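Structural description and commentary
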Amino acid sequence: MKDTSEDTKKHILDSAQQEFLEKGFSGASLRTIAANAGVTTGALYRHFKDKDALFAAIAGDTVDAVRALVKDAESRELDFLMAGLPRGIEDDHQDDTFKTLIDYIYDRFDIFTLLLTKSSGSTYENFLQDVTDMYAGMCQSLVKELHRKKIIVHIDDLTVHVLASCFVTSIKEIILHRIPRKKAAGFLSNIHTFYHYGWMHLFGLPCEE
């Protein structure tokens with residue numbers, strides 16, 4: 001059966017993803033991508049105007065989803081913290097959050113690898129910094145709101161930004177070190193424990209066992 005336009009597009013995207021993973025955005029060749037997809041460069045250009053558009057077609061949905069998740073997290077986390085839920089419920093909440101995060105990362109592991117290690121020169125070369133700034137801003141908003149409600153002591157913005165940035169970096173290590181999926185839950189649990197008690201100390205709140 002003859003390939004449809006959508007079939008051709010899929011072949012190109014599959015070929016491009018492999019080429020980007022092997023050579024990075026800057027080193028990838030459109031000629032090689034087209035040849036490995038079994039199409040001419042002219043056919044490739046009918047679907048994608050340039051290499052950046054091709055990279056965006058592969059990684060763009062994931063970038064948009066991550067940004068949306070960070071934006072949504074602020075309101076959800078603030079509601080959760082304001083509710084004053086018992087520690088046991090907090091643990092369940094964190095378990096669900098980490099499971100969702102792990103599933104999301106590992107279901108798109110190659111795409112996150114592209115974004116974190118192969119995107120230099122593309123539209124998304126600053127993906128990690130953009131997400132870090134968004135997450136740090138969310139944390140700063142949460143801390144200010146908690147302080148405004150006299151739940152915690154004051155913590156300066158720079159401290160919050162640095163600690164939030166380090167947390168994002170710890171998640172990045174899952175991808176950079178290609179930690180097996182089964183080990184990721186334990187890794188994130190350790191990171192959460194470290195940050196939980198650290199934040200509680202800075203907040204001036206009791207650290208219950």
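Residues numbered from 1 in each chain as written. Predicted model: local features only at pLDDT ≥ 70, side-chain atom pairs only at ≥ 80, totals over all residues. Heavy atoms only, no water.

1. Regarding the side chain of Glu19
Its place among the elements puts Glu19 in helix α1 (residues 5-27). Residue Glu19 is classed as buried on the basis of its relative accessible area of 3%. Not counting chain neighbours up to four residues away, the residues in contact with Glu19 comprise Gly24, Gly27, Ala28, Ser29, Thr32 and Ile33. (Helix = DSSP H or I, 4+ residues; strand = E, 2+ residues; numbered from the N terminus. Buried < 20%, exposed > 50% of the residue type's maximum accessible area, 1.4 Å probe, protein only. Contact = heavy atoms within 4.5 Å.)

2. Looking at the nonpolar core
Ranked by size, the top nonpolar core spans 54 residues in total, and within it Ile12, Phe20, Ile33, Leu54, Phe55, Tyr106 and Leu115 carry the most contacts. Of all the elements, helix α7 (residues 127-148) adds the most residues to this core, at 8 residues. Excluding its chain neighbours within four sequence positions, the residues that come into contact with Ile12 are Ile33, Ala37, Val39, Ala43, Leu44, His47, Phe48 and Leu54. (Core = buried A, V, L, I, M, F, W, Y, C linked by side-chain atoms within 4.5 Å.)

3. Focus on unusual backbone geometry
The backbone of Lys150 shows a phi angle near 60°, a positive value even though the residue is not glycine. Structurally, the position occupied by Lys150 is in the loop between α7 and α8 (157-176).

4. Observations concerning α8
An ideal rise of 1.5 Å per residue puts 28 Å on 20 residues; α8 measures up with 28 Å between its terminal C-alpha atoms. Of all the residues in α8, the buried ones are Val160, Ala164, Ser165, Phe167, Val168, Ser170, Ile171, Lys172, Ile174 and Ile175. Backbone nitrogen of Leu158 and a side-chain oxygen of the N-cap are separated by 3.2 Å at the start of α8; the cap is Asp156. Positive backbone phi, approximately 50°, marks Arg178, located one or two places after α8. (Expected span 1.5 Å × (residues − 1). Polar contact = N/O pair within 3.5 Å; in protein donor to acceptor, adjacent residues only side chain to side chain.)

5. Details of the confidence of the model for the chain
Taken as a whole, the chain shows an average pLDDT of 86; of its residues, 85% reach a score of 70 or greater. Predicted confidence in the chain is weakest over helix α5 (residues 87-107), with a mean pLDDT of 67, and strongest over helix α2 (residues 30-37), with 97. Contacts from residues 82-90, a stretch scored under 50 in pLDDT, to residues over four places away or in other chains number 10 contacts. (pLDDT = per-residue confidence, 0-100.)

6. A word on the packing of α7 against α8
It is at 8 Å that the axes of α7 and α8 come closest, and there the two elements cross at 135°. Taken together, the axis directions place α7 and α8 in an arrangement best described as oblique. Our pair here, α7 against α8, has a crossing hand that is right-handed. Counted together, Leu128, Thr132, Asp133, Tyr135, Ala136, Cys139, Gln140, Val143 and Lys144 of α7 and Asp157, Val160, His161, Ala164, Ser165, Phe167, Val168 and Lys172 of α8 form the full contact between these two elements. Broken down by class, the residue content of the contact of α7 with α8 amounts to 9 nonpolar, 4 polar and 4 charged. (Axes fitted to C-alpha atoms, helices over the stretch in contact; angles between N-to-C directions. Parallel < 35°, antiparallel > 145°, perpendicular 65-115°, else oblique. Left-handed = near helix turned anticlockwise from the far one by under 90°. Nonpolar A, V, L, I, M, F, W, Y, C, P; charged D, E, K, R; others polar.)

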